[in-house]
Amino acid sequence: MTHRTQLYLDDAQYRWLQREAARAGSIAQVVRDLIDAARTSGLGADDPLIELLLRHPPAQGESPTSVTTLDDDLYRR
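Procedures and definitions
- Numbering of residues starts from 1 in every chain and runs along the sequence as written.
- A pLDDT threshold of at least 70 governs which residues receive local features in this predicted model, and a stricter bar of 80 or more applies before side-chain atom pairs are shown or counted, although totals over entire chains, interfaces and linings include all residues.
- The side-chain values count all of the structure's non-hydrogen atoms but skip hydrogen atoms and water molecules.
- Elements are defined by DSSP. Helices are runs of H or I of four residues or more, strands are runs of E of two residues or more, and each kind is numbered from the N terminus.
- Whether a residue is buried, partly exposed or exposed follows from its accessible area with a 1.4 Å probe, protein chains only, as a fraction of its type maximum: under 20%, in between, or over 50%, in that order.
- Calculation of accessible area relied on Shrake-Rupley with a 1.4 Å probe; when residues are assessed, cover is drawn exclusively from the protein chains displayed.
- Only the contacting stretch of a helix is used when fitting its axis, a line to C-alpha atoms as for every element, and angles between N-to-C directions run 0 to 180 degrees.
- Geometric relationships in this document are graded by angle, where less than 35 degrees denotes roughly parallel, more than 145 denotes roughly antiparallel, 65 to 115 denotes roughly perpendicular, and other angles denote oblique.
- In what follows, a contact means two residues having at least one pair of non-hydrogen atoms within 4.5 Å.
- Note that Gly is not counted as nonpolar here; it falls among the polar residues with everything else outside the nonpolar set of Ala, Val, Leu, Ile, Met, Phe, Trp, Tyr, Cys and Pro and the charged set of Asp, Glu, Lys and Arg.

**Student:** Describe the overall build of the protein, naming the residues involved and giving the relevant values.
**Tutor:** Counting its secondary structure elements, the protein contains four helices and zero strands. The burial tally for the protein puts 9% of its 77 residues in the buried class. Surface accessibility of the protein: about 6,900 Å² in total, with carbon and sulfur atoms responsible for 54%.

**Student:** Account for the packing of helix α1 (residues 11-24) against helix α2 (residues 27-40), naming residues and giving values.
**Tutor:** Contact pair α1 / α2: the axes reach a minimum separation of 8 Å and the direction vectors enclose 95°. Considering the angle they form, α1 stands roughly perpendicular to α2. From α1, Y14, W16, L17, Q18, E20, A21 and A24 reach across to α2, where they touch I27, Q29, V30, V31 and L34. By residue class, the composition of the contact of α1 with α2 is nine nonpolar, two polar and one charged.

Given below as structure tokens:
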């Protein structure tokens, strides 16, 4: 099963995707390739900061994060 999605990009992101699509064949293929590369890279596997940012992007987490709570947020201290 495949899923269709919509994505909003700024002008610079779209121009970059267009350049990459000229090599890859389509914007959709570039996006799929980037997702597959991120999924298989192990990014964040050993880094608590990367893991936290992937799980709770800034301004999208469960509660505000600041430098005053960084140790608690990262290392549960």
